[in-house]
Structures are given as C-alpha cells and as structure tokens.
Protein chains: 4
Amino acid sequence: MRELKPSTNWRNKLHEIIYEADTPIGKWFDIVLFALIIISVILVMLESVQEIDAKYHNTLLACEWVVTIFFTIEYIARLISIKKPLKYALSFYGIIDFISTIPLYISYFFVGSQVLLAVRALRLLRIFRILKLVQFLGEASQLKNALKASRNKIAVFIYTVLILSVIMGTLMYWIESDASGFTSIPRAIYWAIVTLTTVGYGDIAPQTPIGQLIATIVMILGYGIIAVPTGIVTSEFTKQGAGAKPKIHLNTQACTSCSKEGHRDDATHCYNCGSKLHG
Amino acid sequence: MRELKPSTNWRNKLHEIIYEADTPIGKWFDIVLFALIIISVILVMLESVQEIDAKYHNTLLACEWVVTIFFTIEYIARLISIKKPLKYALSFYGIIDFISTIPLYISYFFVGSQVLLAVRALRLLRIFRILKLVQFLGEASQLKNALKASRNKIAVFIYTVLILSVIMGTLMYWIESDASGFTSIPRAIYWAIVTLTTVGYGDIAPQTPIGQLIATIVMILGYGIIAVPTGIVTSEFTKQGAGAKPKIHLNTQACTSCSKEGHRDDATHCYNCGSKLHG
Amino acid sequence: MRELKPSTNWRNKLHEIIYEADTPIGKWFDIVLFALIIISVILVMLESVQEIDAKYHNTLLACEWVVTIFFTIEYIARLISIKKPLKYALSFYGIIDFISTIPLYISYFFVGSQVLLAVRALRLLRIFRILKLVQFLGEASQLKNALKASRNKIAVFIYTVLILSVIMGTLMYWIESDASGFTSIPRAIYWAIVTLTTVGYGDIAPQTPIGQLIATIVMILGYGIIAVPTGIVTSEFTKQGAGAKPKIHLNTQACTSCSKEGHRDDATHCYNCGSKLHG
Amino acid sequence: MRELKPSTNWRNKLHEIIYEADTPIGKWFDIVLFALIIISVILVMLESVQEIDAKYHNTLLACEWVVTIFFTIEYIARLISIKKPLKYALSFYGIIDFISTIPLYISYFFVGSQVLLAVRALRLLRIFRILKLVQFLGEASQLKNALKASRNKIAVFIYTVLILSVIMGTLMYWIESDASGFTSIPRAIYWAIVTLTTVGYGDIAPQTPIGQLIATIVMILGYGIIAVPTGIVTSEFTKQGAGAKPKIHLNTQACTSCSKEGHRDDATHCYNCGSKLHG
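Only a predicted model underlies this, so the values are computations on that prediction, with no experimental measurement involved.

*Asks:* Which parts of the structure should I look at to understand the pattern of salt bridges?
*Replies:* It is possible for side chains of opposite charge to pair when their charged atoms get near one another. Summed over all chains, the structure comprises 17 salt bridges over all chains. Linking glutamate 74 of chain B and arginine 78 of chain B is a salt bridge whose minimum nitrogen-to-oxygen distance equals 2.7 Å. Of the two residues, glutamate 74 of chain B and arginine 78 of chain B both sit in helix H3 (residues 50–81), four residues apart, roughly one turn of that helix. Across the pair, exposure class does not vary: glutamate 74 of chain B and arginine 78 of chain B are buried alike. Between aspartate 97 of chain C and arginine 78 of chain C there is a salt bridge whose closest N-O contact spans 3.9 Å. In this pair, aspartate 97 of chain C is assigned in helix H5 (residues 92–101) and arginine 78 of chain C in helix H3 (residues 50–81), connecting sequence segments 19 residues apart. Neither aspartate 97 of chain C nor arginine 78 of chain C differs from the other in exposure class; each is buried. Three or more residues are tied together by salt bridges with common partners; here these are Glu74, Arg78, Asp97 and Arg123 of chain A.

As structure tokens, then:
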C-alpha cells in the first residue's frame with residue numbers, strides 16, 4: 001500500500017525480468033539468454049576445431065568478446081537486483097555464471113585458463129528453468145519424482161554393478177595376459193564396466209579361451225542386469241500414472257429392483273431406477 | 001442420383017484404384033506398387049556395389065528404366081486423377097514420388113544426380129498405408145498413440161541426454177590428449193553420445209586413468225538412463241492395455257437433488273439419493 | 001479289454017519310452033538323449049579348434065562314431081515305434097534328427113559334408129520337451145504366450161527398424177567416403193543396423209563431421225527405440241501376471257452394526273458380526 | 001535369570017560386536033571393517049599398476065601388512081566368539097575371510113600366491129550386511145524378491161540365449177573365413193554372445209555379405225530379446241509395488257452353515273449367511 005522508493009522500484013523491475021518468467025519481458029529475457037548460452041557453447045566448440053580456429057580465429061574471438069560482455073552485464077545485473085547478492089554469488093548457478101564469464105578476462109594473465117570454458121556447458125541446465133514456462137513442467141517433474149522415488153533402489157543397483165565389476169575385473173587381470181590390454185587391475189575393472197554396460201569399445205578384449213568364457217558371463221550378466229533399473233523406473237512410472245486419476249471402483253452388486261450392475265462402491269441408491277440398494 | 005460425365009467417371013475410377021485400398025483392384029495396385037518400390041530400392045543398393053555394377057551394369061540400367069517408366073506413369077496418373085493436383089504435388093508423399101522418379105532423366109544433364117536416388121528409400125514408408133488393409137492397423141496405431149502420449153516426456157529425456165553429452169564431452173576434451181582421438185569438442189561430444197547410448201565403436205576411447213574413470217561414469221549413466229524412455233513407453237502401453245477392458249466413464253454432472261457428482265454416463269438416477277437425473 | 005498282439009505291445013512300449021516322458025524310464029531316456037546331444041555339440045566344437053583337433057583327432061573321431069551310432073539306433077527306433085513313420089521323417093524334428101545322424105556316413109563320399117554338423121546344434125531345442133517334465137513348463141509357456149500376443153506389434157516394430165536402417169544407410173553412403181568403410185549401400189545399411197541396435201563394432205565408423213552428426217541421430221533413435229519392444233513385452237507380461245490369480249475386490253462399505261470395512265463385493269452379511277449389509 | 005560365567009559373558013560381548021549390528025559399537029565395528037576392506041582392495045589394485053608399484057613398493061607392502069594383521073585378529077576373534085567355530089570356518093564368508101587373510105603369509109613359501117588376493121574383492125559383499133543397518137534393507141530385499149520370483153523365467157531366457165548363440169555361432173563358423181576372426185566354433189559362439197548382448201567389441205566381425213546379413217539378424221534378435229528379462233523383472237516389480245498396499249488374504253475355509261469359501265483371514269462371521277465361523 002505504501003509507496004516504494006524509485007530505486008527499489010527499479011531494482012524490483014529488474015529482478016522480475018531476470019529472475020522471474022511470468023511476465024512477457026521476463027520470458028523474452030530467458031529466451032534471449034538461453035540463445036546466447038547456446039551460442040557461447042557453440043563458440044567454445046568451434047574454437048576447439050583446429051581447422052576452423054586457424055581460419056576464423058579473429059571472428060570467433062570477436063563473438064567471444066560480445067558474449068562475454070553480455071554475460072558480464074547479466075552477472076552484474078543479477079548481483080544488483082537481488083536482495084542477498086552474496087547468497088546468489090555462492091549458489092550453484094551463481095558460481096557457474098561467474099566461471100562462465102571470466103575466462104576471457106583472465107586469459108591475459110594465465111595460460112590455459114580456457115579450461116574454465118568447459119564450465120559454460122553447465123549453463124545449459126538453465127533450460128529447465130525456461131521449460132517451466134511451458135507445458136513441459138509436468139512431464140519433467142513426473143520424471144524427477146519417479147527417479148527420486150526409486151533413488152535408493154538405484155543406489156543398491158549401482159553398488160551391485162560396481163562390486164561385480166571389481167570382482168570380475170580382478171579375476172580377468174589374473175587370467176588374461178598384458179598383451180590383451182589387461183595391464184593392471186584398474187584397467188581390468190574399466191574393461192568390466194565397459195562390458196557390463198554393453199558399451200564394448202573393443203580396445204581391451206580377452207584373447208584366451210578361459211578369459212572369453214568369463215567375458216561371456218559378464219556380458220550375459222550385464223544384458224540381464226539392465227532389466228533391474230528399467231523395472232524399477234517403469235514400476236514407479238506405472239504407479240504414478242495410475243495414481244494420477246481418481247480411482248472409483250464399480251462393484252458387481254445388482255440392484256434389487258432393476259438388476260442393473262456396476263454401482264459405485266459408495267452408492268446407496270441404484271443409478272438406474274433410484275431404489276435403495278441392499279448390499 | 002444425377003448421371004456423371006464419362007470423363008469424371010473414368011477419373012473417379014482411377015482415383016479409387018490409386019488412392020484407396022478398399023476395392024480388390026485398389027489392394028492389388030498397392031501391393032504391386034510396393035513390390036516395385038522394394039525392387040527400385042534393391043536396384044539402387046546393387047548399383048552401389050562396385051563388383052555387381054561392373055558386371056551387370058546394363059541389366060541394372062534396363063531394370064532401372066522399367067521402374068522409372070512405371071513410376072512416371074504412376075506419378076502422372078496420380079496428378080490426373082486427383083481433384084487438386086497441386087496439393088498432391090506439394091505434399092510430403094508428392095515430393096518424394098517426384099524425386100524418386102526424375103534421377104534417371106536428369107542424369108543426362110547433371111552429373112551426380114544419383115544422390116536423389118537415396119530419397120527413393122522414403123517411398124518404403126508407403127507400407128504403412130498398405131498395412132492399413134490388414135490386421136496390423138490396430139497394432140500400428142496403438143504404437144503410435146503410446147509414442148504420441150509420451151512425446152513430451154521423451155523430449156525432456158532427449159534434451160537431458162544431449163546436455164549431458166555436451167558437458168561430458170567438453171570435460172573429456174580437456175582431460176584426454178589428441179592421441180586418443182579427442183581432437184576437438186564436437187568429436188568429444190560425438191564420443192560421449194556413442195558411449196551414453198552404449199553403442200561403443202571404440203574408434204575414440206579414453207587412454208588416461210582419469211579419462212577412463214569419467215568414461216566409466218558416462219557408461220553407468222547411459223546404462224541407467226535407458227530405463228527412462230523404457231519406463232515412459234511401458235507405462236503408456238500398460239495404461240492403454242488396461243483401457244482395453246470396457247471403460248465406464250464417470251461424468252462430472254451434479255445431481256439436482258443432492259449435488260453429488262460422479263455418475264456413470266448411462267445413469268438415469270442419482271446413485272446417492274435416488275432422484276431422477278436430468279442429463 | 002482285448003489282448004494286443006505281442007509285437008504291437010512291444011512297439012507301444014518303445015513309443016512310450018521315446019516319445020513320452022511321463023514314465024520314469026521315459027524321463028531317463030530323455031535325459032540320456034539330451035546329455036548325448038550336448039556331448040555331440042561339444043565334439044563338433046572341439047573338432048573346429050585346430051590345436052585340439054591336431055592332438056586328439058583319433059579320440060574325437062571315436063567319440064563321434066559312438067554318438068553317431070547311438071543317434072542311428074535312436075532314429076531307427078523312432079521310425080519303427082511310431083504309427084506314421086513318414087510323418088515323423090518329414091517333420092521339423094525328424095529332418096533335424098536325420099541330418100544330425102548322417103554327416104559321418106557321407107563324409108566318405110562327399111568332402112565338406114561336415115557343414116551338416118552345424119544342424120546338430122538345433123537338436124538342443126529338444127530341451128524344451130524335457131523341460132516340460134519339470135516346473136519350467138509354466139514359465140516357458142508364459143514367455144511364449146506373452147511373445148505370441150505381442151507378435152503383430154513386434155512385426156510392425158521390426159519393419160520400422162529395417163525401413164529406418166535402409167533410409168539412414170542410403171543417406172550415409174552418399175555422405176561418407178569409401179575410406180570410412182561405407183563402400184556400398186548394403187554395407188551402409190549393415191552399419192545402420194549395427195548402430196541402431198547399439199552393438200557398435202567399430203569396423204565401419206563415420207569420419208566426417210556431418211556423418212558423425214547423422215550417426216548421433218541414429219544412435220539416439222536406437223537408444224530410444226529399444227523402449228518399444230520392451231514396453232510391448234512388459235505390458236503383456238503385466239497383463240498376464242495380473243490375470244493369473246482370481247481377483248476378488250474388497251469394497252470400502254462399512255457394516256451398519258459394527259462399522260467394519262473391507263467386505264467382498266458380493267457379500268450380503270458382515271464378515272465380522274454377521275448382521276445383514278445394507279449397501 | 002541365572003548368572004553367566006565371566007568368560008562366556010566376555011565372549012558374548014565380542015559376538016555381539018562382531019556378528020551383530022544393532023548396538024552402536026557393533027555398527028562402528030562393521031563400518032571400520034568395511035573401510036579396511038575397501039582399503040585392502042585398493043591396495044591390491046595399486047600394486048597391480050606397474051608404475052605405482054615400482055615407486056611405492058615399500059609403502060604399499062607396509063599398508064598390506066597392517067591390513068593383514070587386522071584381518072588376522074578379526075578372523076581369530078570370529079573363531080573364538082562363535083559357538084560353532086568350525087561351521088563359520090567352512091561357511092561361504094568364513095572361507096573368503098580366511099583366503100583374504102593368508103596371501104601375505106604364504107607369499108614367502110609359494111610364488112604366485114598373490115592370485116588369492118583377487119578373492120579379497122568378494123569381501124566387499126559384506127556391504128549388504130552393513131546396509132541392513134540403514135534404510136536400504138527394504139529396497140535390497142525388494143530387489144531380491146523380484147529377482148527370486150522371476151528366477152525360473154530368467155533361467156529359461158538364459159538357456160534360450162545360449163542355444164541361439166550356439167546355433168548362430170556354428171552357422172557363422174561355416175560361413176565366415178578365418179580371416180574375419182571366426183577361427184573355431186567356440187570363438188564364433190563367443191562372437192554370437194558379444195553380438196546378441198549388443199556389447200559388440202569388434203575384434204571379431206563378419207566380412208562377407210552373407211555373414212553380415214546373418215549378423216544383422218543376430219543383432220535385431222538381441223535388440224529385441226532384451227525386452228524379455230526387462231519385461232519379467234518389471235512385471236514382478238509392478239506386482240510387488242501393487243502388493244505394497246495392505247494385503248488382505250482370503251482363505252479357503254468353508255462356512256459350516258452355507259459352505260461358502262473365500263472369507264477374510266480375520267473374519268469371524270460368514271459374509272454370506274452371517275453365521276459364526278469356527279476358525
């Protein structure tokens with residue numbers, strides 16, 4: 001009811017644009033920001049391709065500067081408009097935003113600071129905030145709930161997979177010679193996970209008959225074990241899907257007057273003739 | 001009731017044969033057409049095998065001409081018999097039909113026009129129209145419905161997979177040297193997708209211990225993530241399968257006497273107070 | 001009631017032993033036969049390993065003769081004891097039994113007749129007859145029913161996978177050069193199936209950026225498409241599992257005398273106090 | 001009520017600490033033991049990496065001795081505190097504990113005794129006992145129940161996969177030449193399992209067109225067959241999930257008055273005639 005100070009008002013407005021997405025301008029801000037994040041990630045990708053970097057180095061650098069300046073402005077605006085700037089600066093997204101912004105600045109002082117550019121890919125996670133705007137929200141949260149509900153089961157599952165890999169890997173290390181690529185137990189465990197998950201690069205592969213026999217067991221185990229997370233998540237989805245619509249059971253009790261069946265369990269009168277139902 | 005002009009009548013007849021599949025002759029047309037499409041695709045395949053092309057070049061060319069002439073006649077017949085030829089010509093199937101027909105004609109003018117032959121494979125999609133004739137219809141549409149219903153969930157899922165690939169790929173690019181095949185970020189992302197989907201070619205594979213550790217995480221993630229689309233589609237199928245048994249809908253109409261909701265669609269009296277319902 | 005001729009009686013006895021498995025001796029015959037089939041398959045395997053064949057050629061040949069003689073006796077006994085020998089001889093199992101028996105005999109006349117030994121592996125399918133004896137029957141038939149019920153859906157699915165492979169393979173043939181292994185369209189289609197099914201040998205792998213991009217799409221498609229057969233079979237299993245035990249619904253209606261809930265839908269009296277239930 | 005002898009009392013106390021996990025000290029013992037097991041497994045891993053072993057051999061050996069001495073004390077304590085030491089010594093865990101302890105001792109007498117260190121990885125299975133302490137118990141046992149219930153179906157499934165591999169492997173051995181890696185039937189069967197399970201190393205891969213065609217069939221089979229274990233486990237999970245809501249069993253006891261069956265286990269009166277039930 002009271003009048004707000006102009007400055008606060010202006011900061012509120014900025015906060016609404018940057019942090020919220022319910023107003024048209026807030027939506028547009030999010031979409032433009034996301035487009036810039038995608039561009040920034042593509043820039044990092046292109047710079048890593050030697051032929052492209054050799055040809056268009058200056059163009060890429062210019063684009064990189066434009067993106068960096070926009071990110072800088074955005075970062076400062078976020079700090080200004082929020083009430084607790086420190087809390088934002090130390091939050092997950094705050095740190096990512098900061099690291100995504102600085103590499104170009106510090107590249108003049110530290111060689112190899114471009115490693116930090118990798119962090120920029122994490123900004124893509126912001127899409128989940130933008131998705132909130134549209135109909136994907138329900139779907140995403142249903143996915144999230146299903147995964148959350150089966151978290152413990154999945155933990156037990158992953159632990160079992162790891163333990164199995166350690167046992168099988170150690171076994172294979174003693175069986176297979178170094179020539180097949182099983183040069184150490186960690187490498188053998190790496191092979192076991194590659195095989196259990198049915199990825200199968202083939203850079204390490206058993207050569208002895210006994211090694212191939214054990215590999216066969218690992219493969220069939222991996223092929224079968226995949227059923228477990230699938231079963232967990234599916235049954236969770238089915239449960240959530242079933243629980244979504246209110247369930248009202250219709251029983252097979254017949255009306256004493258008109259013999260109609262299929263009343264609701266809590267019905268006291270026949271839906272067809274209106275006479276009282278006698279269990 | 002009125003007599004149609006002979007020419008229209010003749011065009012109607014042609015339309016019935018080509019575009020419909022309810023008459024015996026329409027069925028036969030579809031089956032013959034599909035056989036010819038399969039032959040045309042096999043011809044393109046055989047031509048691409050150098051040894052076969054070297055030996056039987058002329059035979060293959062002759063067969064190609066026969067197929068092309070049939071396709072030309074079919075295309076012209078389709079244009080003549082339909083009321084809005086332009087609409088057909090610009091439709092998805094119309095464009096595919098046109099591109100499937102012309103390569104041989106324009107091969108005398110443009111070198112490399114045989115690239116267009118690849119489009120011919122798309123004509124195989126016509127099978128789904130022929131399948132309509134037989135009992136597969138129900139099955140195909142059930143598949144389609146299940147996929148349609150879970151479209152949004154699958155979109156969220158694919159986006160998550162892509163984002164994960166970008167993050168993991170970028171990370172691996174900085175960790176692994178060029179010697180392992182991680183020569184650029186796009187290639188590293190390609191590796192991440194190859195690994196996440198458990199395809200695992202092995203042309204690019206991590207060599208450093210830390211790279212193999214991260215690869216291991218990507219594999220287990222991919223191994224587990226596959227549970228999500230499976231869970232989505234399965235729960236959708238189960239729902240649809242459950243819906244196969246007679247569904248009785250409860251509507252939201254309120255009783256005029258007692259305001260109770262949730263009557264059966266075919267109810268004539270309130271299940272609660274027995275008064276007549278006024279639908 | 002009438003006395004049977006001794007010869008018929010003897011043939012009946014033999015028939016019972018060979019074709020049935022309800023008597024103890026019939027069971028034993030089946031188990032011994034299956035053990036011999038496994039031995040015969042292992043013999044074929046060992047002969048194919050050059051080092052073993054070089055060392056133990058004579059021992060293996062002797063064993064092979066023992067198995068062959070037993071199989072010959074068994075085959076003749078089957079022909080004698082059955083009423084319609086021709087029907088058996090031309091049946092699926094009859095032909096397999098015959099082909100499994102003859103290779104050693106005709107190896108003196110035809111070089112390369114050992115190819116027929118491969119057929120012997122098919123005799124392993126007899127296990128499903130022996131399994132009938134034990135508790136596996138129910139499980140196997142449940143598996144069979146689930147697969148049978150989803151046959152049509154699986155056919156649509158496999159056709160879609162094949163069509164997709166043809167389209168993607170043809171596309172990749174034009175994009176990728178011969179150097180990557182895409183030397184002909186059939187080979188490119190082979191690659192597409194290897195990738196779609198997430199097998200990923202890596203003997204053929206795209207090298208160009210655009211080829212890798214399309215490969216990525218094929219992988220994600222394959223990764224997602226696997227959800228479809230899984231969904232089909234799972235929903236079929238769930239249906240069968242649900243239908244297996246007689247379902248009696250308990251409703252939430254409370255007894256008017258003692259307020260107990262959870263009566264059977266068809267209950268007319270309270271299970272707790274015995275007073276009449278009023279819907 | 002009677003006083004226990006001090007020695008027994010002391011042994012009871014030790015038994016409680018080592019074998020039970022309900023007391024705080026018992027929990028701590030389990031956690032410390034598990035940490036030591038993990039360290040012992042990591043030690044074995046590090047020793048197998050040549051570069052690390054070359055540098056830190058003495059440090060690793062010292063750590064190995066510390067772990068071995070703790071394991072020795074633990075093993076003796078287990079033998080002393082239990083009432084039937086022989087039964088423990090010959091149990092699954094007893095043998096693993098013994099083999100995990102001795103390698104260092106006997107390494108002075110037998111070269112290559114370090115092979116026994118591989119057994120140490122099996123001690124990691126103790127985690128499942130520790131997990132009992134926490135909330136994972138329910139999850140783990142639910143996983144176990146689901147797998148147990150579908151044991152027979154999974155056995156039929158694995159047998160089918162093996163039989164298919166033998167048939168397909170034998171077939172491929174005759175089709176493909178040695179150059180592709182199909183040097184013997186066992187190797188061809190190994191290839192078949194690698195392909196069926198979609199692992200796909202690529203060390204053995206078909207080169208002839210007909211071999212690639214059959215490989216394609218194996219791949220699509222493998223791609224589809226994975227739906228079966230998934231379907232089995234999922235339907236089992238779904239069933240158990242459904243069973244989570246209060247289960248009320250209907251028994252087969254017949255009413256003495258009206259002979260109706262199917263009463264609730266806790267029913268005291270017949271739901272049909274209302275007469276008292278005599279359980």
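*Asks:* When you look at the interface of chain B and chain D in this model, what are you seeing that I'm missing?
*Replies:* Facing the four residues of chain B at the interface are four residues of chain D. When chain B packs against chain D, close to 180 Å² is buried across both sides, 35% of that on carbon and sulfur atoms. Across the chain B-chain D interface, the total number found is zero salt bridges. Summed over the shared surface of chain B and chain D, the result is zero residue pairs in polar contact (both at pLDDT 80 or more). Tallied by class, residues from the side of chain B that touches chain D come to one nonpolar, three polar and no charged.

*Asks:* What should I look at first to understand the packing of aromatic side chains in this one?
*Replies:* Residue and element names in this part refer to chain D. This structure, assessed with the given rule, holds 28 aromatic pairs over all chains. Seen from their ring centres, tyrosine 75 and phenylalanine 98 are 5.7 Å apart, and the 45° between their planes marks the pair as tilted. Pair noted here: tyrosine 75 is in helix H3 (residues 50–81) and phenylalanine 98 is in helix H5 (residues 92–101), with a separation of 23 residues, a long-range link. Given the relative accessible area of 12%, tyrosine 75 is considered buried.

*Asks:* Quick question: what am I supposed to make of the relation of the copies chain B and chain D here?
*Replies:* For the pair chain B and chain D, the superposition axis carries a translation of 0.0 Å, the fit reaches an RMSD of 0.1 Å, and the rotation angle comes to 180°. Overall, the copies show the geometry of a two-fold rotation axis.

*Asks:* So what exactly am I meant to see when it comes to the domain arrangement of chain A here?
*Replies:* Interfaces are often sized by the accessible area lost when the parts come together. The domains assigned to chain A are domain 1 (6–133) and domain 2 (145–242). Centre-to-centre, using C-alpha coordinates, domain 1 of chain A lies 39 Å away from domain 2 of chain A.

*Asks:* Got a minute to help me understand the confidence of the model for chain A in this structure?
*Replies:* Reading predicted coordinates in detail is not appropriate for stretches of low pLDDT. Residue and element names in this part refer to chain A. Residues with a pLDDT of 70 or more make up 76% of chain A, whose mean pLDDT is 79. Mean pLDDT across the secondary structure elements of chain A bottoms out at helix H7 (residues 127–131), with 66, and peaks at helix H10 (residues 185–196), with 93. Low pLDDT, under 50, characterises residues 243–249; the stretch is placed with six contacts to residues that sit more than four places away or in other chains. Here the predicted complex scores 0.79 on pTM and 0.76 on ipTM.

Thresholds, definitions, all that
Residues numbered from 1 in each chain as written. Chains lettered and ligands numbered in written order. Predicted model: local features only at pLDDT ≥ 70, side-chain atom pairs only at ≥ 80, totals over all residues. Heavy atoms only, no water. Salt bridge = Lys/Arg side-chain N within 4 Å of Asp/Glu carboxyl O. Helix = DSSP H or I, 4+ residues; strand = E, 2+ residues; numbered from the N terminus. Buried < 20%, exposed > 50% of the residue type's maximum accessible area, 1.4 Å probe, protein only. Contact = heavy atoms within 4.5 Å. Buried area = accessible area lost by both parts, 1.4 Å probe. Polar contact = N/O pair within 3.5 Å; in protein donor to acceptor, adjacent residues only side chain to side chain. Nonpolar A, V, L, I, M, F, W, Y, C, P; charged D, E, K, R; others polar. Phe/Tyr/Trp six-rings, centres within 6.5 Å; stacked < 30°, edge-to-face > 60°. Least-squares fit on C-alpha atoms with pLDDT ≥ 70 in both. Domains from an automatic or database assignment. pLDDT = per-residue confidence, 0-100.

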